[in-house]
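Working through the structure, step by step
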Amino acid sequence: MSEKKQNFLQGTALLAMATAIVKVIGALYKIPLNAIIGKQGFGYYSTAYEIYSVLLMISTAGLPVAMSRMISQVSALDHHNQVRRIYTTARAIFLGLGITGTLLMTLFCRQLAAFQNQPDAWAAIGCLGPCVLLICIMSTFRGFFQGRSNMLPTSVSQVIEAVVKLVVGIVLALVILKTTGSVALAAGGAILGVTMSCLVSSVYLFGCFRKSYASLPAGTDTPASFGKTAKQLLTIAVPITLGSAGLQILTMLETKIYMGQLLEIYTQSAADTMRGIYGMTQTIFNMPCAFITPITISIIPAITAQLTLNNDLGAKQTEESAARITGLISMPCAFGLAVLAEPVTALLGGYSGEKLALATTLMTVLGISIMFNAVVLVTTAIMQAHGHAGRPVINMLIGGVLKLAAVYILTGNPDIGIVGTPIGTLLCYLSICVLNILSINKLLPQAPKLVSNLLRPFLAAAIMGVITYGAWFALKYAGITSRLILCAAPILVGVLVYVVAAVKIKVVTREDCLLLPKGEKIANLLKL
């Protein structure tokens, strides 16, 4: 039985649909969770996730990319025995990293919580520990499928994760809070739902993998040795891991810095509450950013296969198409969240008064950051696909250091406080964005025209932003008080305006549409 593969945009579409479902389920999870365990409990939850993200990044940031790139390369040459060798080698490395990360989080949960200035977060950190190993196992399977340009198992497994996390996490948080009355333990129960979701998803991926691995043809090539394959994997993975993990470590240090600065001004309870509000705005910020990840996952094997077959023009066209789709998704989200920060945080966070004012300011700055973060993700993937994994690392570290410096200076000012943290995030992504584009123009012999391909979605989104803000202001001026109407109605207006503007400005090309199922009909309908 042959394995079904997808082209770049089809794979992106599959992963994007899964992401949309996951984000809807995630909202159904985090919003009531915020109500159950409160701002303080959500702060413990966020702290655990930050530490987990660092260990997860060290374990999985580079290897899935390396697997995907190497498997795509050898698959294009029909070297099926080497595909098997890459998988078995990556599996051994993943298991070692996963076990180490799990032991660190579970055995040193109290020390890690104290390091983050939130000692009561220990239960959440400990319950999330086993997830590191499970994610490593899942990443082995996903890296294999992505290298084979089959995004379906990854997409389905993401939805399974979200559903299990929703059910188990909410139930455990409610039961533990009712039984013990401890917010810290309830946050740990919510986190345990994440661990259970990873376990169920791992079982599903293993079932898919067994069928796909068995269908690999009996290759005639002689595979490289375990040592040589491991060296190739690590040569690609280590620079990516160093950059990504370094940025995550800087983010963890950022939390320690701004919490330390806030505690010089406010009480522990007040600082924890501000941390919880910022954590909620970060959750909203991460929603649109998550839709860019499917693009990066899909383009690395696509570009790698084209370069392996010396199709430089095809690689450039894929890169420019990726830039257009990135702009198409990220630009309206950036403008929309920036101009609708108040109604969005009021509805999703349930804030009012001073808390709403703070959430609005935080969300506005983070909203602007979205477009730069999106470009950073795609330009990093383009360089990785071309074998330039080291340059994005340097650029990320420069941006990370700039972020820490800005956060330290700004959050120490009582007039700015925690608002200095998203300002640091904006400066970080803006600087990395500029450095990545300059690096691509210098390193690639046929560099894609990124800025010109991002300009049209920017213009369409700017038009949408102005009209959307006007719609919200008109409703507010008319005396509408319903949070749902104040949020949903301007968003609906914005969607309609953006669709019209995007079509008129021709944000998407005919060639992009032809990569989709029934693409010719779609292109004709849009008059492209």
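This write-up is about the structure you can find in this document. (Residues numbered from 1 in each chain as written. Predicted model: local features only at pLDDT ≥ 70, side-chain atom pairs only at ≥ 80, totals over all residues. Heavy atoms only, no water.)

Here we look at the packing of helix H6 (residues 130-147) against helix H7 (residues 152-180)
For the pair H6 and H7, interaxial distance at closest approach is 9 Å and the crossing angle is 150 degrees. For the pair formed by H6 and H7, the contact residues are Met138, Arg142, Phe145 and Gln146 on the first element and Pro153, Thr154, Ser157, Gln158 and Glu161 on the second. Counted by class, the contact of H6 with H7 contains three nonpolar, four polar and two charged residues. (Axes fitted to C-alpha atoms, helices over the stretch in contact; angles between N-to-C directions. Helix = DSSP H or I, 4+ residues; strand = E, 2+ residues; numbered from the N terminus. Contact = heavy atoms within 4.5 Å. Nonpolar A, V, L, I, M, F, W, Y, C, P; charged D, E, K, R; others polar.)

So, the environment of isoleucine 382
The topology assignment puts isoleucine 382 in helix H14 (residues 353-385). Considering only alpha carbons, one finds isoleucine 382 and isoleucine 25, 357 residues apart in sequence, at a separation of 30 Å. For isoleucine 382, the residues in contact, after removing those within four places along its chain, are Ile299, Ile303, Glu319, Ile440, Leu444 and Leu450.

Regarding the nonpolar core
In terms of nonpolar packing, the biggest core is built from 127 residues, with Leu33, Met67, Phe144, Leu233, Ile299, Ile382 and Ile418 touching the most fellow members. Sorting elements by how many residues they give to this core places H14 first, with 16 residues. Once residues lying within four places of it in the same chain are set aside, the contact partners of leucine 233 are Leu63, Ala66, Met67, Met70, Ile86, Thr89, Ala90 and Ile93. (Core = buried A, V, L, I, M, F, W, Y, C linked by side-chain atoms within 4.5 Å. Buried < 20%, exposed > 50% of the residue type's maximum accessible area, 1.4 Å probe, protein only.)

Some points on the packing of aromatic side chains
One pass over the structure, following the stated rule, counts 15 aromatic pairs. Centre to centre, the rings of tyrosine 87 and phenylalanine 209 are 4.4 Å apart; their planes meet at 35 degrees, and the pair counts as tilted. Residue tyrosine 87 is found in helix H3 (residues 80-107), and its partner phenylalanine 209 is found in helix H8 (residues 183-214); the two are separated by 122 residues along the sequence. For tyrosine 87, a relative accessible area of 4% puts it in the buried group. When its relative accessible area of 6% is taken as the criterion, phenylalanine 209 is described as buried. Here a set of aromatic residues connected by ring pairs shows up, and it is made of Tyr87, Phe141, Phe144, Phe145, Phe206, Phe209 and Tyr213. (Phe/Tyr/Trp six-rings, centres within 6.5 Å; stacked < 30°, edge-to-face > 60°.)

Focus: empty space enclosed by the protein
Within this structure, the stated rule accounts for four cavities of 30 Å³ or more. One number sums up the size of the second largest cavity: a volume of about 50 Å³. Taken together, Ala323, Thr326, Val375, Val378, Thr379, Leu450 and Leu454 make up the full set of residues lining the second largest cavity. Those elements giving two or more residues to the lining of the second largest cavity turn out to be helix H12 (312-339), H14 and helix H17 (450-477). The element contributing the most residues to the lining of the second largest cavity is H14, with three residues. (1 Å grid on protein atoms, 1.4 Å probe; cavity = no way out; pocket = protein on both sides within 12 Å on 5 of 7 lines; lining within 4 Å. Points joined across faces, edges and corners; volume = space filled by probe spheres on them.)

Considering the environment of valine 83
In this structure, valine 83 sits in helix H3. Measuring from C-alpha to C-alpha, the distance between valine 83 and alanine 237 comes to 17 Å, with 154 residues separating the pair along the chain. Apart from residues lying up to four places away in sequence, valine 83 is in contact with Ile71, Val74, Ser75, Phe144 and Leu216.

Here's the deal with the side chain of threonine 89
With respect to the element layout, threonine 89 can be found in helix H3. When its relative accessible area of 0% is taken as the criterion, threonine 89 is described as buried. Other than its neighbours up to four places away in sequence, threonine 89 contacts Phe226, Thr229, Ala230 and Leu233.

Examining H17
Taking 1.5 Å of rise per residue, 28 residues should cover 40 Å, and H17 covers 40 Å from first to last C-alpha, within 8% of that figure. Structurally, H17 contributes buried residues whose contacts are with H12, helix H13 (341-349), H14, helix H16 (420-443) and helix H18 (483-505). Just downstream of H17 lies glycine 479, where phi reads positive at about 90 degrees. (Expected span 1.5 Å × (residues − 1).)

Description of the pattern of salt bridges
Under the criterion given, the structure shown has three salt bridges. Across the pair glutamate 161 and arginine 142 runs a salt bridge whose closest N-O atoms are separated by 2.6 Å. Taken together, the positions of glutamate 161 in helix H7 and arginine 142 in helix H6 put the pair 19 residues apart, joining distant regions of the chain. Of the two residues, glutamate 161 and arginine 142, both sit in the buried class. The closest approach of N and O atoms between lysine 403 and glutamate 254, which form a salt bridge, is 3.6 Å. Note that lysine 403 is positioned in helix H15 (residues 390-411) and glutamate 254 in helix H9 (residues 226-263), a separation of 149 residues in sequence. An identical accessibility class is assigned to lysine 403 and glutamate 254; each is buried. (Salt bridge = Lys/Arg side-chain N within 4 Å of Asp/Glu carboxyl O.)

Looking at a nonpolar patch on the surface
Where nonpolar side chains cluster on the molecular surface, the patch consists of Leu95, Ile99, Leu103, Leu104, Leu107 and Phe108 and spans about 550 Å² of accessible area. Mapped onto the elements, leucine 107 comes out in helix H3. For leucine 107, a relative accessible area of 59% puts it in the exposed group. (Patch = residues over 30% accessible without salt bridge, like charges linked within 9 Å, V, L, I, M, F, W, Y side chains within 5 Å. Areas by Shrake-Rupley, 256 points an atom, 1.4 Å probe, with all protein chains shown as cover.)

Here's the deal with unusual backbone geometry
Even without glycine at this site, aspartate 78 takes up a positive phi of about 60 degrees. The class for aspartate 78 is exposed, based on a relative accessible area of 51%. One non-glycine residue, asparagine 310, lies in the positive phi region at around 60 degrees. On the secondary structure map, asparagine 310 appears in the loop between helix H11 (293-308) and H12. Taking the relative accessible area as the measure of exposure, asparagine 310 reaches 66% and is therefore exposed.

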